[in-house]
Every structure is written in C-alpha cells, then in structure tokens.
Amino acid sequence: MKKHELVSLDEKHKGWASLSVAHIRLPDGKVIAREIEDHGSAVAVLPYDPQRKTVVLVEQFRPAPFLAGGEEQTLEVVAGIIDEGDSVVAARREALEEAGLQLGALEYVATTWTMPGISTERLTLYLAPYTTSDRIAAGGGVAAEDENIRVIEMAIADFLTLMAAGELVDMKTLALAQALQLRHPELLCA
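Residues numbered from 1 in each chain as written. Predicted model: local features only at pLDDT ≥ 70, side-chain atom pairs only at ≥ 80, totals over all residues. Heavy atoms only, no water.

Take the environment of Leu 174 next. Along the polypeptide, Leu 174 turns up in helix H4 (residues 171-183). Here Leu 174 falls in the partly exposed class, since its relative accessible area comes to 22%. Along the primary structure Leu 174 and Met 163 are separated by 11 residues, whereas in three dimensions their C-alpha atoms are 6.6 Å apart. Beyond its immediate chain neighbours, meaning those up to four positions away, Leu 174 contacts Met 163 and Leu 168. (Helix = DSSP H or I, 4+ residues; strand = E, 2+ residues; numbered from the N terminus. Buried < 20%, exposed > 50% of the residue type's maximum accessible area, 1.4 Å probe, protein only. Contact = heavy atoms within 4.5 Å.)

This is the structure in structure tokens:
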C-alpha cells in the first residue's frame, strides 16, 4: 500500500510560530497543499487541593479569542510551551511562573494533538495535587512576556458547575476538568 509523501514544505512566516505550506502526495498520487502552524509542544496542568477541595486557574487576555469573539479574558488551566526539558519540567515551571505554585507529583492524563487539522502542537495534560504551603510566589506570569495573569483559586464544585453549564470555553481546561471529575470522584463529596 502506498503511503503519504511530503513533496515540499515552504515556510511563509517565522516568528513565535511558523506558518508553512506543505505539499503532500496522497496514496492515489494526487498532490494537495495544506497550511501548517508550528510553535512546538506544550503542557497544561490543573492544580487541585484535595484537602480544601479547590483548584487553581489563571485568567488572562488572549488575542485570538478577543479577535474572533470579543472575549476580554479566558479562564484556563496553567499552560505553556515546552522550551527546555520535558513536559514535567515545563509543567512545574509554568505552575510557578503563572500561579506561584511549587508542584510535586504530577498525574499524567494524556498527550493530544490540539488542532490536528492545522497545527503540529502536541499538548501533554496533567493533574497535580497541591497544598497551601506549595503557594510560594504570587504568580502572574513573566512580566517580559506581558502575560498579565490573574490567579484564581476556586472550589472544585464551582469549577465543575462551570463545566456542566458549558462555561469553560478553553478545550484544555474542559478536558482537565473532566479528567479531575472522572479520576477523583472523592473530591466531589462534601
């Protein structure tokens, strides 16, 4: 059986992300052109306190949702690009930068394609328990990156109510909310 073949890859833009046009030969011989966005792999982590039954989320301005839907802020789990090291190192770095949390154990959930129709990004998802003593800094993101992140701690019950009401508009946040609900039902008990 014939396989797909990359004929050419023409980079059209290179910045924080690159945009290329890939020409692919299909098994039947037809050549198609597809746009490909590449900015590397990423990580997302949902910190939760099993004793106090809370989660830590971040709220920030995102240009794409603002442009597409006028959204001023998005409520999300901690996330970022894997610059150096592996996904575990990146998850811990992002938790400290964005939420001021020093995380220990991470519970692997999945590694997924975020937008397989256009992006090469693979996102590794984690759940992570924390305690009040793990909050060692203010968080807020890296000032030089103009992230302007607001750290939000909320009850797990309230977080899952947002999920059930369809109010979590960020896919990684929705996926980790569902993972928390499925993997740790004991956190839902009063």
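Sheet architecture is open: three strands sit in the order E1-E2-E3, paired in antiparallel fashion. A single partner strand is all that each edge strand has here, and the edge strands are strand E1 (5-14) and strand E3 (31-38). Across the sheet, the mean angle separating the axes of adjacent strands is 20° when strand polarity is ignored. Of the pairings in the sheet, the one linking E1 to strand E2 (residues 18-25) comprises eight bridges and is antiparallel in character. Bridging from a neighbouring strand, His 13 pairs with Leu 19 of E2. (Pairing = 2+ DSSP bridges. Axes fitted to C-alpha atoms, helices over the stretch in contact; angles between N-to-C directions.)

So, about the side chain of Ser 87. Along the chain, Ser 87 turns up in helix H2 (residues 87-99). A residue is classified by how much of its surface remains accessible, and Ser 87, at 13% relative accessible area, is buried. Looking at Ser 87, its side chain comes within polar contact range of the side chain of Tyr 126, at 2.5 Å. (Polar contact = N/O pair within 3.5 Å; in protein donor to acceptor, adjacent residues only side chain to side chain.)

What follows concerns H2. Between its first and last C-alpha atoms H2 spans 17 Å; for 13 residues at 1.5 Å apiece the expected length is 18 Å, and the two agree. Backbone nitrogen of Val 88 and a side-chain oxygen of the N-cap are separated by 3.1 Å at the start of H2; the cap is Asp 86. Gly 100, located one to two residues past H2, shows a positive phi value of around 70°. (Expected span 1.5 Å × (residues − 1).)

Quick look at the nonpolar core now. The biggest cluster of nonpolar side chains holds 26 residues, and the ones touching the most others in it are Leu 46, Val 55, Leu 57, Leu 127, Phe 159, Leu 176 and Leu 180. Only strand E4 (42-49), strand E5 (54-60), strand E7 (78-81), strand E9 (122-129), strand E10 (150-155), helix H3 (156-164) and H4 provide two or more residues apiece to this core. Excluding its chain neighbours within four sequence positions, the residues that come into contact with Val 55 are Leu 46, Pro 47, Tyr 48, Tyr 130, Ile 152, Glu 153, Met 154, Ile 156, Phe 159 and Leu 180. Counting 17 residues, the second-largest nonpolar core is a separate cluster that includes Val 56, Ala 91, Ala 99 and Leu 101. (Core = buried A, V, L, I, M, F, W, Y, C linked by side-chain atoms within 4.5 Å.)

Counting buried residues along E9, six of its eight residues qualify, which places the element largely inside the surrounding structure. Sheet topology places E4 next to E9; seven bridges connect them, and they run parallel. Considered in E9, the bridge of Tyr 48 is made with Pro 129. Direction of pairing for strand E8 (residues 107-113) relative to E9: antiparallel, over a ladder of six bridges. Opposite Glu 107, over in E9, you have Leu 127 as the bridge partner.

Take the layout of surface pockets next. Roughly 1,500 Å³ of internal volume is contained in the largest pocket. Trp 16, Arg 62, Glu 76, Glu 121 and Lys 172 are, among the 43 residues lining the largest pocket, the residues nearest its centre. Elements with a minimum of two residues in the lining of the largest pocket: E4, helix H1 (63-69), strand E6 (74-76), E7, H2, E8, E9 and H4. Looking at the lining of the largest pocket element by element, the count peaks at five residues for H1. A per-class count over the lining of the largest pocket returns 19 nonpolar, nine polar and 15 charged. (1 Å grid on protein atoms, 1.4 Å probe; cavity = no way out; pocket = protein on both sides within 12 Å on 5 of 7 lines; lining within 4 Å. Points joined across faces, edges and corners; volume = space filled by probe spheres on them. Nonpolar A, V, L, I, M, F, W, Y, C, P; charged D, E, K, R; others polar.)

What follows deals with the packing of aromatic side chains. Counted by the stated rule, this structure contains two aromatic pairs. Here the aromatic rings of Tyr 108 and Tyr 126 are separated by 6.0 Å at their centres, their planes lie at 70°, and the arrangement is edge-to-face. Here Tyr 108, found in strand E8, pairs with Tyr 126, found in strand E9; they are 18 residues apart in sequence, far enough to count as distant. Its relative accessible area of 5% is what places Tyr 126 among the buried residues. Lying across the ring of Trp 113, Arg 122 places its NZ or CZ 4.6 Å from the centre. (Phe/Tyr/Trp six-rings, centres within 6.5 Å; stacked < 30°, edge-to-face > 60°. Lys NZ or Arg CZ within 6 Å of the ring centre and 35° of its normal.)

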